[in-house]
Amino acid sequence: MIGRLNHVAIAVPDLAAAAARYRDLLGAKVSAPEALPEHGVTVVFVTLANTKIELLEPLGEDSPIANFLARNPAGGVHHLCYEVDDIIAARDRLKAEGARVLGDGEPRTGAHGKPVLFLHPKDFCGTLIEIEQA
Ligand code: CO
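Residues numbered from 1 in each chain as written. Predicted model: local features only at pLDDT ≥ 70, side-chain atom pairs only at ≥ 80, totals over all residues. Heavy atoms only, no water.

1. A word on the coordination of the cobalt ion
When four donors bind a metal tetrahedrally, each ideal donor-metal-donor angle is 109.5 degrees, and when six bind octahedrally, the ideal angles are 90 or 180 degrees. Coordination of the cobalt ion by the protein comes from His-7 (NE2), His-79 (NE2) and Glu-130 (OE), over a distance range of 2.0 to 2.1 Å. Written as a sequence motif, the donor arrangement for the cobalt ion is H-x71-H-x50-E. With His-7 in strand β1 (residues 2-11) and Glu-130 in strand β9 (residues 128-133), this residue pair connects regions lying 123 residues apart in the sequence. Glu-130 carries the same exposure label as His-7, and that label is buried. (Donors = N, O, S within 2.8 Å, 3.2 Å for Na, K, Ca; no water. Helix = DSSP H or I, 4+ residues; strand = E, 2+ residues; numbered from the N terminus. Buried < 20%, exposed > 50% of the residue type's maximum accessible area, 1.4 Å probe, protein only.)

2. A word on the nonpolar core
Counting 23 residues, the largest nonpolar core has Leu-55 and Ile-131 as the members making the most contacts within it. Mapped by element, the contributors of at least two residues to this core are β1, α1 (15-25), β4 (41-47), β5 (52-58), β6 (76-84), α3 (87-96), β8 (115-119) and β9. Formed by 10 residues, the second largest nonpolar core is a distinct cluster that contains Ala-9, Val-43, Phe-45 and Phe-68. (Core = buried A, V, L, I, M, F, W, Y, C linked by side-chain atoms within 4.5 Å.)

3. Focus: the pattern of salt bridges
With the rule as written, the count across this model stands at 5 salt bridges. Where Glu-83 meets Arg-4, a salt bridge forms, and the shortest distance between an N and an O atom there is 3.5 Å. Taken together, the residues Glu-83 in strand β6 and Arg-4 in strand β1 connect sequence positions 79 residues apart. Of the charged contacts, one joins Asp-92 and Arg-91 as a salt bridge, the two residues approaching to 3.0 Å between their closest N and O atoms. (Salt bridge = Lys/Arg side-chain N within 4 Å of Asp/Glu carboxyl O.)

4. Notes on α3
Every α-helix winds through 3.6 residues per turn, so residues three or four apart in the chain are directed the same way. Here α3 has its buried residues at Ile-87, Ala-90, Arg-91 and Leu-94. What you see down the axis of α3 is that its buried residues fit within an arc of 100°, all on one side. Exposed residues pointing more than 90 degrees away from the buried face of α3 are listed as Arg-93 and Ala-96. Where the residues of α3 are buried, they touch β6, β8 and β9. N-cap assignment for α3: the residue whose side-chain oxygen lies 3.1 Å from the backbone N of Ile-88 is Asp-86. Taken from the residues just after α3, Gly-98 is the one with a positive phi, measuring 95°. (Arc of directions from axis to C-beta. Contact = heavy atoms within 4.5 Å. Polar contact = N/O pair within 3.5 Å; in protein donor to acceptor, adjacent residues only side chain to side chain.)

On their own, these measurements won't tell you what the molecule is for.
Shown next, in the form of structure tokens:
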């Protein structure tokens with residue numbers, strides 16, 4: 001069912017410092033920061049040959065990554081995003097098999113303008129999973 005690894009998201013306390021580390025030390029192609037108020041994050045995209053890394057910094061009062069950074073003050077891997085061909089079919093199959101879809105279960109528009117859903121980390125080896133319509 002799942003296809004490509006679309007991105008690995010890393011929550012960071014200091015986006016400028018994280019972007020500089022990927023750009024200057026790792027020599028990666030790093031985008032300008034983009035504020036996504038509806039997602040409560042500011043994001044920088046690191047483009048690799050085979051996938052992307054998203055560096056996420058909290059934005060606003062109730063950022064969904066605030067608790068994660070409180071537990072991981074230096075930052076850390078926050079979620080993995082897998083592509084699926086049909087997000088509704090994927091959701092229905094996951095729910096039918098007992099996997100927990102976060103929120104109201106309806107896809108939201110993600111950072112790339114495509115529908116996304118998040119799956120409970122306890123159902124996927126302790127890792128928050130995002131699925132994105134390919
Ligand atoms: Co993501």
